[in-house]
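Below, each chain spelled out in residue letters.
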Amino acid sequence: METTTARPFELLAPAGDAEMLKAAVFAGADSVYLGLQGFNARRTAGNFTPAALAEAVCFCHARGVKVNVTLNTLAADSELPGLADAVAAIAAAGADAVIVQDLAAAALCRRMAPGLALHGSTQMSVMNLAGARQLAALGFARVILARELTAEEIRHITARCGIETEIFVHGALCMSVSGQCEMSAFFGGRSGNRGECAGPCRLPYRIAGAEGPWLSLRDLSVIDRLPEIRAMGVSCAKIEGRLRTPEYVAAAVSSAREALAGRAYDRELLEKAFSRAGFTSGFYDNAYLTAAMFGRRSVSDAADTRAVLPRLHELYRRERESVPVTLSLTLEDEGAKLTAADRDGNRCTVYGEQPPQPAQNPPEALAAGYERALQKTGGTPFCTEKIELAGTAGRYLPGAAVGDLRRRALEALLAKRSAPRPLACAAVRLPAYRRADADTAKTALWLRFADAAQCLPETAALADRLLFPLSAAVALPDDWRGKTILALPRAVFDEELIARQIAAAAALGFAAFEIENLGELPLVRDGAPGAAVCGGFGLNVMNSLAAREYAALGLAALTLSPELTLAAAARLDAGVPTGLLAAGHLPLMLTRACPIRSRKTCAECGGKSALTDRKGREIAVLCTGTGKNGARELSNPVPLWLGDRRPEVAVDFAVLYFTREAPPRALALTRLYAGGAALDGEFTRGLYYKGV
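Student: Summarise the overall build of the protein; cite the residues concerned and give the values.
Tutor: If you tally the helices and strands in the protein, you get 20 helices and 31 strands. Computed over its C-alpha atoms, the radius of gyration of the protein comes to 29 Å, within 12% of the 26 Å expected for a compact globule of 692 residues. Its C-alpha atoms give the protein principal-axis dimensions of about 105 × 55 × 45 Å. Taking all 692 residues of the protein together, the buried fraction comes to 58%. For the protein, long-range pairs separated by at least 24 residues make up 71% of all intrachain contacts whose partners lie at least 6 apart in sequence.

This is how it looks when you write it as structure tokens:
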């Protein structure tokens, strides 16, 4: 059932620093998003100190612009006190909303500052209606949808989810589903999930001998579709770009304002402000990308940008008159007064220093003169909506005196609108999370397979738990079911297909289901009531508070983020069993688009293709899911191996992650790990000793 009601439509702009903030506001943004120094997904932007944040909020609120603060990275246990301090600073500044990825951040906001609206970051990988509804149940006011959605999918979710939806309409487009990329972390030790992505996807790769930008998408731009997007019921159109320039922000906001007004905008100028060989509409029109949608920033692109910077600067040089006011001028024999009032109930009155003189002109001419003087609000954020005159007939006040009243009244009103309005914030006492030391001799062995055929009976006998794709349920032997966990696909765009598969598997006696994002939990709860549910590594659990939030939702076990160190994972106190990925070619990316299709057909690929990086390493591209749920996982060319470090894997279970290994090889690797042996070939320890 559709639940969409008419809502105001927001144009949301990035503000990586104070100058970008000014550009966004002066160009016409309805709201801005910005980060505190520390916990946000653009740590390399200028960002804001708590004091600067408070000033920014006052500046924006004075001009009727909302401020959303990005608190959208993953935190470790040691960082939770700092995260709580960040929530307190945001509340003290009086911001409007907080954008979060980590359930720990959401929990702290609810406990400390319930007046802050919660917005679910695109890093939460919400790509279906069930996910949006799950966020609504958790108290979120808005969901920022995955960038992989088509127009029809956006429309479907928006009409039925019961909370606000926000979508990206302009700016950089990641190849990976946000929140599901480990490429920067695994290749360079800089985590995209923690705000330090190094952008290895923008490098050249080779497919079938052809070098190209096969993981680098052109920038998204659907600004021309904004009237259509607004008509869908989407609440907020978001411009990406906190690492860009004030000129870029002004160009994007100004273009969007023109499009929303039904006027043509200068798309060529917008491309020159910043693009990667032009724009793409991304997934909005089609869920499958073509070769024309890939592109890298060229030397000529950069030259175009430099050439138009002076022109772009003009877009935000002047204050935008955007706050309607009523000006009421009263003249009496003994003096004059002017009251300025806005729509929010703020009123300021100032008094003149000279009394009016007897008028020589007729009342109509006097009134016209006063109105002209009161209309001159240039250089302020105010525009005169209504003028009220009292006692002006027969009384003359010089234009300079009226102008002085106007200036002082608007200055007073601006000061009043700029006054800090902190939100109530309660202190929170965080427990000293630390689980009891685990007995590593009892660490269970979980084996995860790509399909049923990959697991030999001898391999299954070595496992405490088996994990298979949900789609493989009917192909699994009856005697494996009691220790088998059915893993839902990491990408679920077609909920109906997955719901049918869950319902079909529900009565077959499997041990549990595994989910990879919040949008899958309601599907299991509805399709298999009472079934045990585990959380996969796609949930990105990095701290005890988030883990306990998931446990409170009913998850019986959690595979922790591979970005944790072994020491941090051993201390993490979830209240339920926890595990780690301990071996295998781990996923670098989850993509809805297939890079191989830019060079080969599916028949030519046969599910056996790979990208080759600059070092000659092959990154396997694995197809997962079917139909609308079709997705790709790009695998690390170097396998993870902790078999010879088993005593240091101090968690409840270790997961061996098999992808393209032949069945005999999967058996051999399982035996090696179970025996605590070293790997017979090149391997990596991942991030378990380095951290990010």
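Let us keep going from here.
Student: Outline unusual backbone geometry, listing residues and values.
Tutor: Even without being glycine, Ser125 reaches a positive phi, approximately 60°. Considering the arrangement of structural elements, one finds Ser125 in the loop between strand S5 (117–120) and helix H5 (129–137). Despite not being glycine, Ala208 shows a phi value in the positive range, around 50°. When you line up the elements, Ala208 lands in the loop between strand S8 (205–207) and strand S9 (210–212).

Student: Break down the packing of aromatic side chains for me, with residues and values.
Tutor: Taken as a whole and judged by the stated rule, the model has nine aromatic pairs. An angle of 70° between the planes, with centres 6.1 Å apart, marks the rings of Trp214 and Phe294 as edge-to-face. With Trp214 in the loop between S9 and strand S10 (219–221) and Phe294 in the loop between strand S12 (279–280) and helix H11 (299–313), this residue pair connects regions lying 80 residues apart in the sequence. Look at Phe294 and you get buried, because its relative accessible area is 5%. Ring centres of Trp641 and Tyr673 lie 5.7 Å apart, and the angle between their planes is 85°; this geometry places the pair in the edge-to-face category. Of this pair, Trp641 sits in strand S30 (residues 640–641) while Tyr673 sits in helix H20 (residues 663–674), and the two are 32 residues apart along the sequence. Its relative accessible area of 1% is what places Trp641 among the buried residues.

Student: Residue-level account of the pairing of strand S19 (residues 444–448), with values.
Tutor: Across the five residues that make up S19, a large majority, five, are buried. By the alternation rule, side chains of S19 split into Ala444, Trp446 and Arg448 and Leu445 and Leu447, which are all buried. In the sheet, S19 pairs with strand S20 (residues 465–469) via three bridges, with the strands oriented parallel. Each bridged residue has a counterpart across the sheet, and for Trp446 the counterpart in S20 is Arg465.

Student: If you had to explain the sheet that holds strand S15 (residues 347–351) to someone new, which residues and values would you point to?
Tutor: Spatially, S15-S14-S13-S17 is the arrangement adopted by the four strands of the open sheet, whose pairing is mixed. The sheet terminates laterally at S15 and strand S17 (382–390), the two strands that pair on one side only. Neighbour-to-neighbour, the strand axes of this sheet turn through a mean angle of 20°, independent of strand direction. The sheet contact formed by strand S13 (residues 323–332) and S17 spans eight bridges and is parallel. For Val325, the partnering residue across the bridge sits in S17 and is Thr384.

Student: Lay out the side chain of Gln134 with the relevant residues and their values.
Tutor: Mapping Gln134 onto the fold places it in helix H5. Not counting residues up to four positions away in its chain, the partners in contact with Gln134 are Leu518, Leu521, Pro522 and Leu553.

Student: I'd like a rundown of the pattern of salt bridges, residues and numbers included.
Tutor: Inspection of every chain in the model, using the stated rule, returns 38 salt bridges. A salt bridge links Arg63 to Glu319; its shortest N-O distance comes to 2.8 Å. In this pair, Arg63 sits in the loop between helix H2 (50–62) and strand S3 (66–71) while Glu319 sits in the loop between H11 and S13, placing the two residues 256 residues apart along the sequence. Under the relative-accessibility criterion, Arg63 is labelled buried at 10%. Residue class for Glu319 comes out buried when judged on its relative accessible area of 16%. A salt bridge links Glu648 to Arg645; the shortest N-O distance between them is 3.8 Å. Residues participating in the shared-partner salt-bridge network are Glu10, Lys66, Arg142, Glu164, Glu166 and Lys238.

Student: Can you tell me about the environment of Cys58, naming the residues and giving the values?
Tutor: Relative to the helices and strands, Cys58 is located in helix H2. In this structure Cys58 comes out as buried when scored by relative accessible area, which is 15%. When the C-alpha atoms of Cys58 and Ala95 are compared, they prove to be 9.1 Å apart, with 37 residues separating the residues in sequence. Those residues in contact with Cys58 that lie beyond four places of it in its chain are Arg417, Ser418, Ala419 and Pro420.

Student: Describe the state of the cysteines, listing the residues and the values that go with them.
Tutor: Counted according to the given criterion, the structure contains zero disulfides. The structure places no disulfide on Cys58, whose sulfur is separated from the nearest cysteine sulfur, that of Cys60, by 9.6 Å. No disulfide involves Cys605; its sulfur sits 5.8 Å from the nearest other cysteine sulfur, which is in Cys623. The class for Cys605 is buried, based on a relative accessible area of 13%.

Student: Can you lay out the packing of helix H4 (residues 103–112) against helix H17 (residues 544–552) for me, pointing to particular residues and giving the numbers?
Tutor: Where H4 contacts H17, the two axes come as close as 7 Å, and the packing angle between them is 85°. The pairing of H4 with H17 is recorded here as roughly perpendicular in orientation. Touching Leu103, Ala104, Ala107, Leu108, Arg110 and Arg111 of H4 are Leu545, Ala546, Glu549 and Tyr550, all from H17. Class assignment of the residues belonging to the contact of H4 with H17 gives a composition of seven nonpolar, no polar and three charged.

Student: Give a detailed account of H17, specifying residues and quantitative values.
Tutor: Burial in H17 covers these residues: Ser544, Leu545, Ala546, Ala547, Glu549 and Tyr550. Where H17 is buried, its residues contact helix H3 (80–93), H4 and strand S24 (555–559). Structurally, the start of H17 carries an N-cap: the backbone nitrogen of Leu545 is 3.2 Å from a side-chain oxygen of Asn543.

Student: Summarise H11; cite the residues concerned and give the values.
Tutor: The first and last C-alpha atoms of H11 sit 22 Å apart over 15 residues, in line with the 21 Å expected at 1.5 Å per residue. At Ala307, H11 shows its maximal kink, close to 40°; a proline, Pro310, follows between one and four residues later. Here the buried face of H11 lies against helix H9 (246–260) and helix H10 (267–273).

Student: Summarise the confidence of the model for the protein; cite the residues concerned and give the values.
Tutor: Summing up the model confidence of the protein, the mean pLDDT is 93 and the portion of residues at 70 or higher is 98%. In this model, residues 1–6 is a region of pLDDT below 50 whose contacts with residues beyond four sequence positions or in other chains number 12 contacts.

Student: Before we move on, can you summarise the environment of Glu148 with the specific residues and values?
Tutor: Along the polypeptide, Glu148 turns up in the loop between strand S6 (142–144) and helix H6 (151–160). On the basis of relative accessible area, Glu148 is assigned to the buried category, the value being 2%. C-alpha of Glu148 to C-alpha of Ala593: the two residues are 445 residues apart in sequence and 8.4 Å apart in space. Those residues in contact with Glu148 that lie beyond four places of it in its chain are Glu153, Cys174, Met175, Ser176, Val177, Phe283, Phe493 and Arg592.

Student: Can you break down the pairing of strand S2 (residues 31–35) residue by residue, with the values?
Tutor: A large share of S2 lies buried, amounting to five of its five residues. Burial along S2 is two-sided: Ser31, Tyr33 and Gly35 and Val32 and Leu34, pointing in opposite directions, are all buried. Strand direction decides the pairing type here: S2 and S3, joined by five bridges, are parallel. Note that in S3 the partner of Ser31 across the bridge is Lys66.

Procedures and definitions
Residues numbered from 1 in each chain as written. Predicted model: local features only at pLDDT ≥ 70, side-chain atom pairs only at ≥ 80, totals over all residues. Heavy atoms only, no water. Helix = DSSP H or I, 4+ residues; strand = E, 2+ residues; numbered from the N terminus. Rg over C-alpha atoms; globule rule 2.2 N^0.38 Å. Buried < 20%, exposed > 50% of the residue type's maximum accessible area, 1.4 Å probe, protein only. Contact = heavy atoms within 4.5 Å. Phe/Tyr/Trp six-rings, centres within 6.5 Å; stacked < 30°, edge-to-face > 60°. Pairing = 2+ DSSP bridges. Axes fitted to C-alpha atoms, helices over the stretch in contact; angles between N-to-C directions. Salt bridge = Lys/Arg side-chain N within 4 Å of Asp/Glu carboxyl O. Disulfide = S-S within 2.5 Å. Parallel < 35°, antiparallel > 145°, perpendicular 65-115°, else oblique. Nonpolar A, V, L, I, M, F, W, Y, C, P; charged D, E, K, R; others polar. Polar contact = N/O pair within 3.5 Å; in protein donor to acceptor, adjacent residues only side chain to side chain. Expected span 1.5 Å × (residues − 1). Bend = angle between axes of the 7 residues up to and from the residue. pLDDT = per-residue confidence, 0-100.

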